[in-house]
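The primary structure of each chain is shown beneath.
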Amino acid sequence: MSVSIVQKYNVPGPRYTSYPTVPYWEEEKFHLEDWKRTLLQSFKESNATEGISLYIHLPFCESLCTFCGCNKRITKRHEVEDPYITAVIKEWKLYCDLFPRKPIIKEIHLGGGTPTFFSPENLERLMNGIFQYATKAEEHEFSFEGHPNNTTRNHLQTLYNLGFRRVSFGVQDYSPKVQEAIHRIQPFHNVAKVTFWAKEIGYTSVGHDLIFGLPFQTLADVKDTIDKTKSLQPDRLAFYSYAHVPWIKGNGQRGFKDEDLPKDDEKRMLYEEGKKQLAQNGYHEIGMDHFALENDSMFTSFKEGKLHRNFMGYTASKTQLMIGLGVSSISDSWYSFAQNEKTIEDYYTHLAEDQLPVFRGHVLTPEDLIIRRHILNLMCQFTTSWKDEALDFPELPSVLASLEEMREDGFLTIQDDTITVTEKGKPFVRNICMAFDLRLIRKAPETKLFSMTI
């Protein structure tokens, strides 16, 4: 890939876990009653047929990783676990009190922060509290994020007994210099230990998260990390571009200098080499930044056209309704989004008053829903189509015109009423989606909002 192409398209852009993206929500038009109305509409339309998804945010970490842009609270005081679990269960009960019948849960994902900061006993109490008011779908997929340094065999066994079959471990990179820069020191043997434990216990999908573009990271580091990774044979991999967003308040990303980061073509070379090695070892590219072996459910979902993307990232199955529990979590009814309070103190205050802890949101317009579908198709299947859409989406001709340069650069084909992303264009799928993002086009950000696309 030529340097000029990388530099040409390496611009700030969203990762499109939603459309509209959060900075473009019309918060001033949103009211809690809007969220409740669309929540019930979506529940009635989908609960019996496909179930719902739960994302539960567990924000505590014992130490700060300086590459992380997530909402977290750094503490070594584990007495914070109990009141937080109690609060999340109460929030869930407030939702269940709104529903006309018991929800059927198809997906659960425990994210963070560090979910394995919590003791196995408290995680079990959390799940028992959730299922006091809900039932499990027959074919469910429960997953959690584990820190290799503090995930115990008891964590893995307890969650397995509760129905969890997928776990992802944050690896990032095995280079000691890189680990020191991002304040994430974890020896290879820690990752190997928890990976083998998970497989012995019976987890059907063990994932590793890797990142390219980290400070001081070299081509040799990426090769070494993937060599070590393939020796453990995780079922799926996330191979993310490091999102350098030091302007996000409190994310701790100023632990190294900008000049310590690989740039443009150098960074892209890390990805190309990693992708090549992954392909040589049987990993298939699934959506953006994700790879899976053929035995993994994500590979099957991608091949069958069922891959979905939401605020949890890629998921192997679709649910129309996703409820986010816990501080800062975002919920999605398909027709609207709602985000919880970002501080634990404000989150607790709402719940003490028996109120859903929502502080902002967005109700999707008819135009939003059309664009959302196209962006979701491109992100999940690398293709999208339209038929008889001209009256509902009059901006379509201008969108297609703006894609012409990328078509000439070989990133996509446009035939009849279908756009298909080429192999060359897959690394630039965020740029392609930006052509559909009319909110971004109509009002370019005045300040830094997004990480670079490459």
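Predicted, not measured: the structure shown is a model, and the values here were computed from it.

1. Some points on the confidence of the model for the chain
And then number 1: When pLDDT is averaged across the chain, the result is 90; 93% of the residues are at 70 or more.
And then number 2: pLDDT under 50 marks residues 249-253. Its contacts with residues more than four places away, or in other chains, come to 19 contacts.

2. Re the pairing of strand β4 (residues 104-112)
And then number 1: Counting buried positions along β4 yields eight of nine residues, so the element is predominantly enclosed.
And then number 2: Where strand β1 (residues 52-58) and β4 come together, seven bridges link them in parallel fashion. Bridging across to β4, Leu54 finds its partner in Ile108.
And then number 3: Where β4 meets strand β5 (residues 135-146), six bridges bridge the pair, whose relative direction is parallel. Note on β5: the bridge partner recorded for Leu110 is Phe144.
And then number 4: As a crossover connection, the stretch from β4 through helix α4 (residues 120-130) into β5 is right-handed.

3. Thoughts on the side chain of Ser18
And then number 1: Structurally, the position occupied by Ser18 is in the loop between α1 (3-9) and α2 (32-50).
And then number 2: For Ser18, a relative accessible area of 6% corresponds to the buried category.
And then number 3: A distance of 3.0 Å separates a polar atom in the side chain of Ser18 from the backbone oxygen of Pro20.
And then number 4: Setting aside anything within four residues of it in sequence, one finds Ser18 in contact with Phe311 and Phe337.

4. Quick look at unusual backbone geometry
And then number 1: Cis geometry is found at the peptide bond from Tyr19 to Pro20, where omega equals -5°.
And then number 2: Secondary-structure assignment places Pro20 in the loop between α1 and α2.
And then number 3: Looking along the chain, the bond that leaves Gly112 and enters Gly113 is cis, with omega of 20°.
And then number 4: Note that Gly113 resides in the loop between β4 and α4.
And then number 5: In this model, Asp289 sits at a positive phi of 75°, which is unusual for a non-glycine residue.
And then number 6: You can see Asp289 is positioned in the loop between β9 (284-286) and β10 (290-292).
And then number 7: With a relative accessible area of 10%, Asp289 lands in the buried category.

5. Here's the deal with the environment of Lys306
And then number 1: Here Lys306 is to be found in the loop between α10 (297-303) and β11 (308-310).
And then number 2: Note on Lys306: relative accessible area 49%, which makes it partly exposed.
And then number 3: A sequence separation of eleven residues divides Lys306 from Ser317, and the C-alpha atoms of the two residues are 6.0 Å apart.
And then number 4: Excluding its chain neighbours within four sequence positions, the residues that come into contact with Lys306 are Ser301, Ala316, Ser317, Lys318 and Gln381.
And then number 5: At 3.4 Å, the side chain of Lys306 forms a polar contact with the side chain of Glu304.

6. A short note on α4
And then number 1: Among all positions in α4, only Pro120, Asn122, Leu123, Leu126, Met127, Gly129 and Ile130 are buried.
And then number 2: On the buried face of α4, the contacting elements are β1, α3 (81-98), β4, α5 (153-161), β6 (164-172) and β13 (322-325).

7. Thoughts on the pattern of salt bridges
And then number 1: By the definition in use, this model includes 30 salt bridges.
And then number 2: One salt bridge connects Asp227 with Lys230, and the closest N-O pair in it is separated by 3.4 Å. Within this pair, Asp227 and its partner Lys230 are both found in helix α8 (residues 219-232), separated by three residues, close to a single helical turn.
And then number 3: If you follow the salt bridges from partner to partner, you end up with Glu26, Lys29, Asp368 and Arg439 in one network.

8. What to know about empty space enclosed by the protein
And then number 1: Tallying each qualifying case throughout the model produces four cavities of 30 Å³ or more.
And then number 2: Within this model, the second largest cavity holds a volume of roughly 70 Å³.
And then number 3: Considering every element that reaches the lining of the second largest cavity, the biggest residue donor is helix α12 (residues 366-381), with four residues.
And then number 4: Each residue belonging to the lining of the second largest cavity can be placed in one class, and the counts come to five nonpolar, two polar and two charged.

9. Quick notes on the side chain of Asp235
And then number 1: The residue Asp235 is located in the loop between α8 and β8 (236-241) in this model.
And then number 2: Although Asp235 lies buried, it forms no salt bridge, and the closest oppositely charged side chain, Lys199, sits 5.3 Å away as judged by the N-O distance.
And then number 3: A polar contact of 2.9 Å, which involves the side chain of Asp235, links it to the side chain of Asn295.
And then number 4: Residues in contact with Asp235, not counting those within four places in the same chain, are Thr204, Ser205, Val206, Tyr283, Ala292, Leu293, Asn295 and Asp296.

10. As for the packing of α3 against α4
And then number 1: The interhelical angle for the contact between α3 and α4, taken along N-to-C directions, is 15°, at an axis separation of 9 Å. Taken as axis vectors, α3 and α4 run roughly parallel relative to one another. Viewed along their axes, α3 and α4 form a crossing whose handedness is right-handed. When α3 is examined against α4, the residues Glu81, Asp82, Ile85, Thr86, Val88, Ile89 and Trp92 are found in contact with a partner set consisting of Asn122, Arg125, Leu126, Gly129 and Ile130.
And then number 2: Grouping the amino acids of the contact of α3 with α4 by side-chain chemistry returns six nonpolar, three polar and three charged.

11. Some points on the sheet that holds strand β18 (residues 412-415)
And then number 1: Taken in spatial order, the three strands of this open sheet run β17-β19-β18, and their pairing is antiparallel. Edge strands, defined here as strands with exactly one partner in the open sheet, are β17 (383-385) and β18. Strand-to-strand twist of the sheet, defined as the mean angle between neighbouring strand axes without regard to direction, takes the value 10°.
And then number 2: In the sheet, β18 pairs with strand β19 (residues 418-421) via four bridges, with the strands oriented antiparallel. Within β19, the residue paired with Leu412 across the bridge is Val421.
And then number 3: Its contacts with the sheet put α12 on β17 and β19, and the angle it makes with β17 is roughly 150°.

Scoring rules and cut-offs
Residues numbered from 1 in each chain as written. Predicted model: local features only at pLDDT ≥ 70, side-chain atom pairs only at ≥ 80, totals over all residues. Heavy atoms only, no water. pLDDT = per-residue confidence, 0-100. Contact = heavy atoms within 4.5 Å. Buried < 20%, exposed > 50% of the residue type's maximum accessible area, 1.4 Å probe, protein only. Helix = DSSP H or I, 4+ residues; strand = E, 2+ residues; numbered from the N terminus. Pairing = 2+ DSSP bridges. Right-handed = clockwise from strand over helix to strand, strands pointing away. Polar contact = N/O pair within 3.5 Å; in protein donor to acceptor, adjacent residues only side chain to side chain. Salt bridge = Lys/Arg side-chain N within 4 Å of Asp/Glu carboxyl O. 1 Å grid on protein atoms, 1.4 Å probe; cavity = no way out; pocket = protein on both sides within 12 Å on 5 of 7 lines; lining within 4 Å. Points joined across faces, edges and corners; volume = space filled by probe spheres on them. Nonpolar A, V, L, I, M, F, W, Y, C, P; charged D, E, K, R; others polar. Lys, Arg positive; Asp, Glu negative; His and termini not counted. Axes fitted to C-alpha atoms, helices over the stretch in contact; angles between N-to-C directions. Parallel < 35°, antiparallel > 145°, perpendicular 65-115°, else oblique. Left-handed = near helix turned anticlockwise from the far one by under 90°.

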